[in-house]
Number of protein chains: 6
Amino acid sequence: MLVEFGRTRVLCAASVQEGVPRWRAGSGLGWVTAEYAMLPSSTNTRSARESVKGRIGGRTHEISRLVGRSLRACIDLAALGENTIALDCDVIQADGGTRTAAITGAYVALADAITWLSAAGRLTDPKPLSCSIAAVSVGVVDGRVRLDLPYEEDSRAEVDMNVVATDHGTLVEVQGTGEGATFTRSTMDKMIDFALAGCSELSRIQSEALAAPYPGELPGGAA
Amino acid sequence: MLVEFGRTRVLCAASVQEGVPRWRAGSGLGWVTAEYAMLPSSTNTRSARESVKGRIGGRTHEISRLVGRSLRACIDLAALGENTIALDCDVIQADGGTRTAAITGAYVALADAITWLSAAGRLTDPKPLSCSIAAVSVGVVDGRVRLDLPYEEDSRAEVDMNVVATDHGTLVEVQGTGEGATFTRSTMDKMIDFALAGCSELSRIQSEALAAPYPGELPGGAA
Amino acid sequence: MLVEFGRTRVLCAASVQEGVPRWRAGSGLGWVTAEYAMLPSSTNTRSARESVKGRIGGRTHEISRLVGRSLRACIDLAALGENTIALDCDVIQADGGTRTAAITGAYVALADAITWLSAAGRLTDPKPLSCSIAAVSVGVVDGRVRLDLPYEEDSRAEVDMNVVATDHGTLVEVQGTGEGATFTRSTMDKMIDFALAGCSELSRIQSEALAAPYPGELPGGAA
Amino acid sequence: MLVEFGRTRVLCAASVQEGVPRWRAGSGLGWVTAEYAMLPSSTNTRSARESVKGRIGGRTHEISRLVGRSLRACIDLAALGENTIALDCDVIQADGGTRTAAITGAYVALADAITWLSAAGRLTDPKPLSCSIAAVSVGVVDGRVRLDLPYEEDSRAEVDMNVVATDHGTLVEVQGTGEGATFTRSTMDKMIDFALAGCSELSRIQSEALAAPYPGELPGGAA
Amino acid sequence: MLVEFGRTRVLCAASVQEGVPRWRAGSGLGWVTAEYAMLPSSTNTRSARESVKGRIGGRTHEISRLVGRSLRACIDLAALGENTIALDCDVIQADGGTRTAAITGAYVALADAITWLSAAGRLTDPKPLSCSIAAVSVGVVDGRVRLDLPYEEDSRAEVDMNVVATDHGTLVEVQGTGEGATFTRSTMDKMIDFALAGCSELSRIQSEALAAPYPGELPGGAA
Amino acid sequence: MLVEFGRTRVLCAASVQEGVPRWRAGSGLGWVTAEYAMLPSSTNTRSARESVKGRIGGRTHEISRLVGRSLRACIDLAALGENTIALDCDVIQADGGTRTAAITGAYVALADAITWLSAAGRLTDPKPLSCSIAAVSVGVVDGRVRLDLPYEEDSRAEVDMNVVATDHGTLVEVQGTGEGATFTRSTMDKMIDFALAGCSELSRIQSEALAAPYPGELPGGAA
């Protein structure tokens with residue numbers, strides 16, 4: 001599944017694997033994990049391949065953990081039995097907001113996988129998803145709050161916030177950071193307002209995409 | 001400098017190094033970076049040493065980046081010239097809230113280093129710190145918002161939030177995450193209220209500690 | 001650029017970087033290098049990400065070296081000055097023949113990059129490509145020689161050969177291997193015949209693709 | 001066993017190990033694997049030790065895989081049961097053609113190991129080797145085809161080909177590459193002719209060596 | 001447990017872990033292992049963190065092995081059953097003699113752990129320690145033999161020797177090395193005399209510390 | 001150069017490299033370093049290749065450091081200018097005492113290299129070696145002190161000591177360790193006596209070997 005937000009394009013795929021990580025074995029529960037990566041050619045200046053460097057960078061680790069944690073908020077892991085769903089989010093083209101695009105696309109890939117597993121009779125509960133998950137980035141540029149900044153604006157944002165929310169309007173994750181600046185409580189409140197409105201719109205589009213025959217359609221014309 | 005929050009104890013040290021990372025060379029600006037680590041014996045069950053495993057885990061990377069980013073919010077990096085201050089936060093004993101203890105302690109180590117550099121005439125601006133930085137964790141346990149949870153409560157919190165703030169009451173970083181649950185906008189607002197009050201109290205104690213002769217005193221009797 | 005051979009899909013991109021590897025510095029010559037990788041979701045059973053494993057596997061190394069060596073056969077490296085063209089070949093979907101698809105696609109990406117560099121006046125010789133490069137795989141299945149086997153047939157081939165050739169009909173690289181079997185001189189001769197015919201057809205399609213406005217078209221409807 | 005080709009010297013040893021790699025367990029079949037390495041002092045200019053660099057280079061990986069693959073072509077792996085024969089090829093002195101010397105010597109080490117295992121009653125089939133394996137390099141220097149080039153000539157060869165063949169005259173592996181040049185079909189045919197003649201001569205010498213009491217003698221006076 | 005020798009401070013901790021290393025499984029015997037490390041801020045000039053470099057340095061490896069080997073000399077490993085005691089020695093402040101301080105402190109941590117295990121009924125022999133272990137460094141500076149040199153003198157010592165001994169006056173380990181110089185047999189004899197006297201004094205203090213209620217006291221006022 | 005002590009065989013080679021490690025640059029002094037390694041096939045049971053494991057083991061590190069340190073005791077590093085001599089000691093066959101064989105052989109390789117450098121006029125002092133270096137192992141087996149134990153006896157020795165000495169009878173390094181046992185002062189004295197006698201004999205043989213035309217002869221018939 002390819003998600004596009006403006007010029008950002010992320011390939012999201014879900015794979016079902018037997019078994020769970022060792023620390024979870026014997027619990028009877030499943031697991032959802034995620035790996036995020038950027039192709040070397042996705043950025044304006046080619047970035048070195050992490051497999052060649054021999055180690056995953058801090059930013060990659062951090063986003064992979066965020067994607068996995070966010071998606072685990074919508075699923076009843078007991079329904080999977082001791083199986084793992086691996087979500088791969090590979091950025092083909094990066095222009096700001098790659099982590100939120102990854103989360104939003106990963107939800108659609110996860111929901112597709114769940115539909116397939118359910119049809120195959122491999123779930124103990126046929127509807128283990130309690131809600132849908134979408135994410136947006138919000139920034140403050142030149143003193144104004146803005147949704148989903150492209151890279152050029154993102155890199156000069158004074159505050160940057162990523163918000164993950166459900167289609168019920170509740171929050172899953174909020175990560176706000178001042179970029180060399182601090183921000184007031186009232187700015188924060190305004191950013192959350194924008195973000196919840198953005199996630200609500202994305203939830204609607206995800207729902208339409210998943211209702212479509214196949215392949216699902218996402219904002220920006222993803223297929 | 002040893003910081004204690006309840007039973008959590010973190011050793012924080014600042015070292016001044018000539019030069020800056022390569023990508024920053026030639027800018028005329030300094031850099032502040034941080035490394036966070038846990039001693040193997042700091043947890044109830046001994047944790048494997050990351051140097052022996054040959055790689056830094058995702059959580060360690062993530063916290064190291066958070067500490068560095070938070071501390072860079074209070075300092076004018078131009079005043080350092082092309083020099084780096086490395087902040088080392090080593091957890092001696094872990095009982096919840098190690099990352100927020102690390103940030104709060106690292107600020108005191110940073111302020112001490114700045115005082116020393118200023119006295120040595122090695123800063124272009126003798127007062128490069130625009131504010132102080134403190135951090136707390138807030139959680140929701142059994143439906144109630146609580147500050148600075150010990151490990152036993154932290155591990156069953158429904159929502160977990162880390163807030164970094166300045167002594168001016170502005171925000172530097174907000175990271176809130178539902179642990180297998182989601183949270184409402186009003187819960188979030190309440191957690192921010194608690195966190196800002198907690199940071200304000202810590203700022204006061206940091207200020208007293210830095211005014212004390214030496215060594216500075218922090219909450220819980222750290223020395 | 002996306003190349004498709006049957007159900008195999010490879011994303012090929014060329015990036016220009018200042019400088020050359022250290023062992024080549026001071027020679028006045030440029031360099032062309034390649035990196036090949038498979039996305040975890042490209043295979044039927046998800047394959048582990050090499051960046052996470054912390055090392056590049058032998059097969060990945062071997063193919064990356066093959067792609068780079070093959071493309072260096074068509075270019076006058078002196079024309080680049082001391083600059084490097086990095087070719088990234090990322091397999092999105094794997095169904096046999098990924099290495100030959102990578103070489104064939106990488107040539108088109110390289111030719112595009114050369115056109116761009118030439119137009120920008122950054123080459124000492126405006127036409128440094130002496131020929132075009134294409135590659136095919138040939139196999140023997142059930143005793144019959146066949147071009148470009150899909151995965152299902154490839155995995156039971158008795159002999160597997162990859163041939164890289166120019167549009168002049170000369171050879172750049174021949175790699176033939178018996179899979180648990182050996183092969184006669186006459187089988188080998190027949191495989192080379194098939195391969196040269198296949199490469200000739202690909203050269204024609206590459207040439208049309210590069211003549212097209214943009215984006216170039218490759219066999220199988222790639223874009 | 002020490003193999004010498006001209007001034008190239010390679011130490012080849014076979015070790016029998018219980019068990020097979022994990023992906024092969026339960027198949028009832030054995031495995032033959034190989035590791036190739038160069039001692040730091042084997043080259044004119046000392047080369048860095050790969051264990052110290054912490055990773056195997058691409059060339060080492062590629063040759064190790066070639067040696068293993070070539071030797072597996074002559075053996076019925078079912079006869080080993082679930083056991084592994086590890087072939088170690090360590091280059092003591094390098095003067096061109098180290099990979100073909102490694103294959104030719106590894107065959108003798110393998111045949112010795114098989115004789116020992118057979119005598120010890122540890123094989124289900126007492127004669128699991130269906131043929132012998134030898135390898136040569138062929139190059140084109142100054143337009144002329146030549147067998148087994150020493151390093152000084154190898155490094156200026158226009159085409160370089162490694163051929164692995166059996167004592168029945170069939171081919172196991174053909175790897176030909178133009179070094180900054182391409183080559184015609186007729187040159188290729190001529191190189192194969194030379195190579196098959198060379199392998200035939202080596203097979204004869206291997207056979208004599210294995211017939212000798214102990215230790216076996218190889219060309220160049222190896223022991 | 002914190003050990004102090006002059007300005008050198010080492011944190012020593014013992015952790016009991018179920019199981020033994022794989023090569024020892026099934027023997028019925030336990031294991032004692034040690035890991036030594038220096039905090040980045042323990043030296044005058046900040047030293048890089050080995051977990052970040054991704055590999056343990058030679059010196060760290062060597063000292064970790066020395067500490068483990070020394071402590072295994074005093075214990076009947078059969079009494080532990082197949083369990084491991086891991087000794088962690090983390091240098092908080094380094095001013096010469098960190099390895100001997102680590103051994104001396106690790107013995108007290110080990111003895112404490114044994115007391116606890118014995119009280120918990122988890123040992124097959126309630127008194128598995130046959131002696132106590134202490135260690136000192138001895139050096140020759142300006143031609144004179146001296147005990148426990150601080151860093152400033154240690155770095156200009158002509159000979160450096162580390163001696164590990166028991167409270168019975170027998171030797172466990174002797175490591176003497178000329179630093180860019182050699183030493184005579186009579187100098188060596190004199191250094192051993194000094195070292196045995198120093199170890200004897202340390203054994204007495206360890207014994208008092210272990211007899212004290214809790215926490216044990218070590219030379220220099222450690223707690 | 002191949003050294004043989006009983007059935008232990010070690011290949012020792014010296015390589016001259018321009019430059020010194022970074023921490024030594026600008027000092028005007030040279031450097032002598034060593035790397036010790038065991039071939040996989042050198043032991044009875046094949047040992048895994050450290051380059052494949054991706055890290056050097058603790059024992060390898062420790063011995064490499066010992067060899068380098070020992071050889072630096074005999075040379076005036078100023079005479080080399082800022083150049084490095086790398087000593088490679090690769091164990092071909094291991095039967096006890098590999099580290100002492102490595103030191104003894106490395107001295108001969110070093111002396112050969114110095115003769116060559118001196119003849120080439122590349123030394124500021126034509127005779128920079130102040131003494132020769134040899135090493136032996138001494139053990140206590142069944143209560144009796146013995147020189148140079150083969151593996152079978154070494155593995156059941158109660159005490160194991162390695163002694164490095166000069167041809168002047170002075171000591172360079174003494175490493176004695178009780179293997180699960182402790183040893184008395186008088187046993188230690190006796191072991192030193194044996195060791196010094198053994199080193200004296202080796203020094204004589206080294207001297208003869210270096211006087212011989214070429215290649216030098218070492219005990220056991222090494223060439």
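Residues numbered from 1 in each chain as written. Chains lettered and ligands numbered in written order. Predicted model: local features only at pLDDT ≥ 70, side-chain atom pairs only at ≥ 80, totals over all residues. Heavy atoms only, no water.

Of regular secondary structure, chain A possesses 5 helices and 8 strands. The globule rule puts the C-alpha radius of gyration for 223 residues at 17 Å, and the 18 Å found for chain A is close to it. With the C-alpha coordinates of chain A rotated into their principal frame, the extents come out at 55 × 40 × 35 Å. Buried residues in chain A amount to 56% of all 223 residues. Of all intrachain contacts in chain A linking residues separated by at least 6 positions in sequence, the fraction that spans at least 24 positions is 72%. Accessible surface, chain A: about 9000 Å² in total, of which carbon and sulfur atoms supply 50%. (Helix = DSSP H or I, 4+ residues; strand = E, 2+ residues; numbered from the N terminus. Rg over C-alpha atoms; globule rule 2.2 N^0.38 Å. Buried < 20%, exposed > 50% of the residue type's maximum accessible area, 1.4 Å probe, protein only. Contact = heavy atoms within 4.5 Å. Areas by Shrake-Rupley, 256 points an atom, 1.4 Å probe, with all protein chains shown as cover.)

When C-alpha atoms are compared, chain B and chain D, though not in contact, are closest at a spacing of 11 Å. Separated in space, chain A and chain F share no contact, their closest pair of C-alpha atoms being 11 Å apart.

Time to look at the sheet that holds strand β7 (residues 159-166) of chain A. Reading across from one edge, β6(A)-β5(A)-β7(A)-β8(A)-β8(B)-β7(B)-β5(B)-β6(B) is the order of the 8 strands in this open sheet, with antiparallel pairing throughout. Every other strand in the sheet has two partners, leaving β6 (144-147) of chain A together with β6 (144-147) of chain B as the edge strands with one partner each. Here the strands of the sheet are splayed against their neighbours by 15 degrees on average, with no regard to which way each runs. Bridge analysis of strand β5 (residues 133-141) of chain B against strand β7 (residues 159-166) of chain B gives 8 bridges, and the strand direction is antiparallel. Residue pairing in the sheet places Ser137 of chain B in a bridge with Asn162 of chain B of β7 of chain B. With respect to the sheet, helix α2 (residues 58-72) of chain A is in contact with β5 (133-141), β7 and β8 (171-178) of chain A together with β8 (171-178) of chain B, its orientation differing from that of β8 of chain A by roughly 150 degrees. Lying on the sheet, helix α5 (residues 185-211) of chain A is in contact with β5, β6, β7 and β8 of chain A together with β8 of chain B; it crosses β5 of chain A at an angle near 140 degrees. (Pairing = 2+ DSSP bridges. Axes fitted to C-alpha atoms, helices over the stretch in contact; angles between N-to-C directions.)

Once that is clear, we can look at the UniProt feature "binding site: phosphate" (unreviewed entry) in chain A. If you check UniProt for "binding site: phosphate" (unreviewed entry), the listed places come out as Arg59, Gly97, Thr98 and Arg99 of chain A in our numbering. For this annotated set, covering 41 residues, all C-alpha atoms fall within 13.5 Å of each other, a compact arrangement in space. Along the chain, the position of Arg59 of chain A falls in helix α2. In this view, Arg59 of chain A contacts Tyr36, Met38, Thr98 and Arg99 of chain A together with Arg65 of chain B; residues no more than four positions away in its chain are not counted. As for its position among the elements, Gly97 of chain A is in the loop between β4 (83-93) and α3 (98-119). If near-sequence neighbours (up to four positions away) are discounted, Gly97 of chain A is found in contact with Thr8, Ser137 and Leu149 of chain A. (UniProt positions renumbered as here; feature names shortened; annotations may be inferred.)

Its identity is not glycine, yet Asp148 of chain B carries a phi of approximately 50 degrees, on the positive side. Summarising the element assignment, Asp148 of chain B is placed in the loop between β6 and α4 (151-154). We note that Asp142 of chain E has phi near 50 degrees; this positive angle belongs to a residue other than glycine. Relative to the assigned elements, Asp142 of chain E resides in the loop between β5 (133-141) and β6 (144-147). For Asp142 of chain E, a relative accessible area of 57% translates into the label exposed.

Rotating chain B by 180 degrees and translating it 0.0 Å along the rotation axis places it on chain A, where the RMSD comes to 0.0 Å. The transformation just described matches what one would write down for a two-fold rotation axis. Using C-alpha coordinates, one finds that chain B approaches the rotation axis most closely at Gln175 of chain B, a distance of 2.2 Å. Looking at chain B, 100% of its interface residues are interface residues in chain A too, so the copies touch through the same face. (Least-squares fit on C-alpha atoms with pLDDT ≥ 70 in both.)

Okay, the UniProt feature "domain: Exoribonuclease phosphorolytic" (unreviewed entry) in chain A next. Residues and elements named next belong to chain A. Taking the UniProt record as the reference, the feature "domain: Exoribonuclease phosphorolytic" (unreviewed entry) is found at residues 2-113 and 133-197. When the span residues 2-113 is considered, its composition is 31% helix and 30% strand, and the gap between its end C-alpha atoms is 15 Å. In residues 133-197, helix accounts for 26% and strand for 45%; the two terminal C-alpha atoms are 13 Å from one another.

This next bit is on the interface of chain B and chain A. In this assembly, 27 residues from chain B lie in contact with 27 residues from chain A. Contact between chain B and chain A buries roughly 2700 Å² in total, counting both sides, with carbon and sulfur atoms accounting for 50%. It is Glu62, Leu171 and Arg185 of chain B that lose the most area in chain B upon contact with chain A, and together they represent 23% of the buried surface on that side. In this structure, Glu62 of chain A engages Arg65 of chain B in a salt bridge whose closest nitrogen and oxygen atoms are separated by 2.7 Å. On inspection of chain B and its partner chain A, the count reaches 16 residue pairs in polar contact (both at pLDDT 80 or more). Every element with two or more residues in the side of chain B that touches chain A is listed here: α2 (58-72), β8 and α5 (185-211) of chain B. Broken down by element, the side of chain B that touches chain A gets its largest block of residues, 8 residues, from β8 of chain B. Partitioning the side of chain B that touches chain A into residue classes produces 8 nonpolar, 11 polar and 8 charged. Bridge count between β8 of chain A and β8 of chain B: 5 bridges; the pairing is antiparallel. (Buried area = accessible area lost by both parts, 1.4 Å probe. Salt bridge = Lys/Arg side-chain N within 4 Å of Asp/Glu carboxyl O. Polar contact = N/O pair within 3.5 Å; in protein donor to acceptor, adjacent residues only side chain to side chain. Nonpolar A, V, L, I, M, F, W, Y, C, P; charged D, E, K, R; others polar.)

Right, let's get into empty space enclosed by the protein. Using the criterion set out here, one finds 6 cavities of 30 Å³ or more in the structure. A volume near 70 Å³ is recorded for the largest cavity. Its residues assigned to classes, the lining of the largest cavity comprises 2 nonpolar, 2 polar and 2 charged. By volume, the second largest cavity amounts to about 60 Å³. Taken together, Arg55, Ile56 and His61 of chain C together with Arg55, Ile56 and His61 of chain D make up the lining of the second largest cavity. (1 Å grid on protein atoms, 1.4 Å probe; cavity = no way out; pocket = protein on both sides within 12 Å on 5 of 7 lines; lining within 4 Å. Points joined across faces, edges and corners; volume = space filled by probe spheres on them.)

We now examine the packing of helix α3 (residues 98-119) of chain C against helix α5 (residues 185-211) of chain C. Describing two packed helices takes the angle between their axes plus the distance from one axis to the other. Residues and elements named next belong to chain C. Between α3 and α5, the shortest axis-to-axis distance is 11 Å and the interhelical angle comes to 35 degrees. The element α3 and its partner α5 pack so that their crossing is right-handed. Residues Thr104, Tyr107, Val108, Ala111 and Asp112 of α3 touch α5, and the partners they reach there are Leu202, Gln206 and Leu210. Per-class residue counts for the contact of α3 with α5 are 5 nonpolar, 2 polar and 1 charged. (Left-handed = near helix turned anticlockwise from the far one by under 90°.)

This part is about helix α3 (residues 98-119) of chain B. All names here are of chain B. The end-to-end C-alpha separation of α3 is 31 Å, in line with the 32 Å expected for 22 residues at 1.5 Å each. For α3, the tally of buried residues reaches 16 of 22 residues, placing the bulk of the element in the interior. Just beyond α3, the residue with positive phi is Gly121, at close to 70 degrees. (Expected span 1.5 Å × (residues − 1).)

Here we come to the pattern of salt bridges. Taken as a whole and judged by the stated rule, the model has 96 salt bridges over all chains. Salt-bridge contacts for Arg146 of chain F lead to Glu153 of chain F; the nearest nitrogen and oxygen are separated by 2.9 Å. For Arg146 of chain F, a relative accessible area of 32% corresponds to the partly exposed category. The class of Glu153 of chain F is buried, set by a relative accessible area of 15%. Here the residues in one salt-bridge network are Arg185, Asp189 and Asp193 of chain A together with Arg185, Asp189 and Asp193 of chain B, joined through shared partners.

Quick look at the confidence of the model for chain A now. With 95% of its residues at a pLDDT of 70 or more, chain A has an overall mean of 90. Taken together, the stretch residues 215-223 of chain A has pLDDT below 50 and engages in 24 contacts with residues farther than four places along the chain or on a different chain. (pLDDT = per-residue confidence, 0-100.)

Residue and element names in this part refer to chain D. By the element assignment, Met191 lies in helix α5 (residues 185-211). Its relative accessible area of 0% is what places Met191 among the buried residues. In this structure, the C-alpha to C-alpha distance between Met191 and Asn162, residues 29 residues apart in sequence, is 9.6 Å. Beyond its immediate chain neighbours, meaning those up to four positions away, Met191 contacts Val138, Val140, Val145, Val159, Met161 and Phe183.

With that out of the way, let us pick up the packing of aromatic side chains. If you walk through the whole model with that rule in mind, you get 6 aromatic pairs over all chains. Considering the side-chain rings of Trp23 of chain A and Trp31 of chain A, the 4.9 Å spacing of their centres and the 85 degrees angle between planes classify their relative orientation as edge-to-face. (Phe/Tyr/Trp six-rings, centres within 6.5 Å; stacked < 30°, edge-to-face > 60°.)

The next point concerns the pairing of β7 of chain A. Two faces make up the sheet, and in a regular strand the side chains alternate between them. Residue and element names in this part refer to chain A. Counting buried residues in β7 gives 8 out of 8 residues, a clear majority hidden from the surface. Across the two faces of β7 the burial is the same, with Val159, Met161, Val163 and Ala165 and Asp160, Asn162, Val164 and Thr166 all buried. One ladder, built from 7 bridges, connects β7 with β8; its direction is antiparallel. Pairing of Val163 across the sheet is with Val174, part of β8.

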